[in-house]
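Structural overview
Now for the letters of each chain:
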Amino acid sequence: MKLVTKNLTFKPEDEYYLNDVSLEFEAGRLYTILGRTLSGKTSFLKTIAGLQPVDEGEITLGEKDFRSIPVWERNVAMVYQQFINYPHLNVYENIAFPLKQRKMSAADIKQEVAVAISQVGLEGFEARKIQELSGGQQQRVALARSLAKKAKILLLDEPLVNLDYKLREDLRDVFKNLFDSDLSTESILIYASTDPQEAMQLNGDIVVIDEGRVLQTGPAKEVFENPANIKVAEITNDPAMNILPGIIDDKEIIFNEDFKFNLPSHLSHLDSGKYFFGVRATDLNLDNAGFNFTVDISEISGSETFLHIHQDELKVVLMIEEVRNFNLDDQVKISMDMNRLYVFDANGDLIFSPYRGN
């Protein structure tokens, strides 16, 4: 079974929510729609679910025209970032609700609910009221209700974004187990996220979207290592990949007169001229023999420190794998791993990746 969208376009009030979106999704594979807030992820999922119209385009499931199928007959389940449950029902009743709507027998409902509860790790909570559950447990209930429906298409719209770090980690493991289960061989699983690290951890196929337009698709590792353009490089990294304008001239890469490097041999084939150079925060290092930069902001995240620094008009972010304290306007010296340097042309398209060359 394959879900195909062709030229989906939705442009209310002259603003593109979806812009000529053509994609294919196969059963048994996990797809992550990765993009920033307001990039079109939710609009796309709602279109598949039948909750949002489009101005143009087609959706087919197998040989069927999916747009002509009423919402209640599409066999689609959707889990939102908000915990959408029935507050007057307990856990068991919440999960059983869509099965009762199908008029299944009590015995079959009991069996299906038990399986769904087991899949999300809520055994023993069947009689609990929704108000008695934590945020993570409420999201598990919403997921279990979707699983119990045995929908052919499961849509997950940033389901972890409103949870704290520990709950996100726990539920991410639940999703991984789900995607590895027998269900994933029969269903199409589409997960929307703003978090590139989450997309890499789920390790399926990625669809990078921005301003309603698809920028790149492919296996997570391939897209991360070989972003098609600057926008993809920024979206698939957190913090965004540093993009530095520079020139190649006289066997040097020159960012400015105080920040330049000898042209590495693996880039010697590039002509002289203007380029954009990309380097991840992890590929910049504090180095007493390096170049002078000034500290703008120091951010501590867990066991890591993100250092925002500048030299004249150049601004970069580097990551230090330990907690370090810096003050505004501190002077630091940095070096760059030239073996990890990306090169983009004047239009922002990738022309050299350290993972596969040019």
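So, here's what we can say about the structure.

Some words on the overall build of the protein
What the protein contains, in helices and strands, is eight helices and 20 strands. Once the C-alpha set of the protein is aligned to its principal axes, its extents read approximately 80 × 45 × 40 Å. When burial is assessed residue by residue, the protein has 48% of its 358 residues classed as buried. The long-range fraction of contacts in the protein, counting pairs at least 24 apart against all pairs at least 6 apart in sequence, stands at 64%. Within the protein, one finds 37 positive and 56 negative side-chain charges whose respective centroids are separated by 7 Å.

Remarks on the sheet that holds strand 15 (residues 284-301)
In space, the four strands of this open sheet follow the order 17-16-15-18, with antiparallel pairing throughout. With one partner strand each, in any of the chains shown, strand 17 (314-320) and strand 18 (331-336) form the two edges of the open sheet. Taking each pair of neighbouring strands and ignoring which way they run, the sheet shows an average axis angle of 50 degrees. Where strand 15 meets strand 16 (residues 304-311), seven bridges bridge the pair, whose relative direction is antiparallel. Following the sheet pairing, Val295 is matched in strand 16 by Ile309.

Regarding a negative patch on the surface
Together, Glu13, Asp14, Glu15 and Glu211 give the surface a local cluster of negative charge. On the secondary structure map, Asp14 appears in the loop between strand 1 (2-10) and strand 2 (18-26).

Concerning the sheet that holds strand 11 (residues 242-249)
With antiparallel pairing, the six strands of this open sheet are ordered in space as 13-12-11-14-19-20. The open sheet has two free edges, formed respectively by strand 13 (259-262) and strand 20 (350-352), since each of these has just one partner strand. Strand-to-strand, the axes of this sheet are offset by a mean angle of 35 degrees, without reference to chain direction. Sheet analysis places strand 11 next to strand 12 (residues 252-256), joined by three bridges and oriented antiparallel. Considered in strand 12, the bridge of Asp249 is made with Glu252.

Cut-offs applied
For every chain, the first residue of the written sequence is number 1, and numbering continues from 1 onward in sequence order. Note on the predicted model: pLDDT of at least 70 is required for a residue's local features to be given, and 80 or more for side-chain atom pairs to be given and counted; whole-chain, interface and lining totals, by contrast, use all residues. Side-chain descriptors were evaluated using all non-hydrogen atoms of the structure, hydrogens and water having been removed beforehand. Secondary structure follows DSSP: runs of H or I at least 4 residues long count as helices, runs of E at least 2 residues long count as strands, and numbering of each begins at the N terminus. Burial here depends on accessible area, computed with a 1.4 Å probe over protein chains only, as a share of the maximum for the residue type. Under 20% is buried, over 50% is exposed, and the range in between is partly exposed. Should any heavy atoms of two residues lie within 4.5 Å, those residues are counted as being in contact. By the counting rule applied here, Lys and Arg register as positive and Asp and Glu as negative, while His and the ends of each chain are not counted. To locate a charge, take atom NZ for lysine, CZ for arginine, CG for aspartate or CD for glutamate. Should DSSP find at least two bridges between two strands, the strands are taken to pair. Helix axes use the C-alpha atoms of the stretch in contact, all axes being lines fitted to C-alpha atoms, and the angles between their N-to-C directions lie in the range 0 to 180 degrees. Like-charged residues are merged into a patch within 9 Å and nonpolar side chains (Val, Leu, Ile, Met, Phe, Trp, Tyr) within 5 Å, provided each residue has over 30% relative accessible area and no salt bridge. Per-residue and other accessible areas follow the Shrake-Rupley method at a 1.4 Å probe size, with only the shown protein chains counted as cover for residues. Salt-bridge detection follows one rule: a side-chain nitrogen of Lys or Arg within 4 Å of a carboxyl oxygen of Asp or Glu.

So far we have only geometry, and geometry alone does not tell us how the molecule works.
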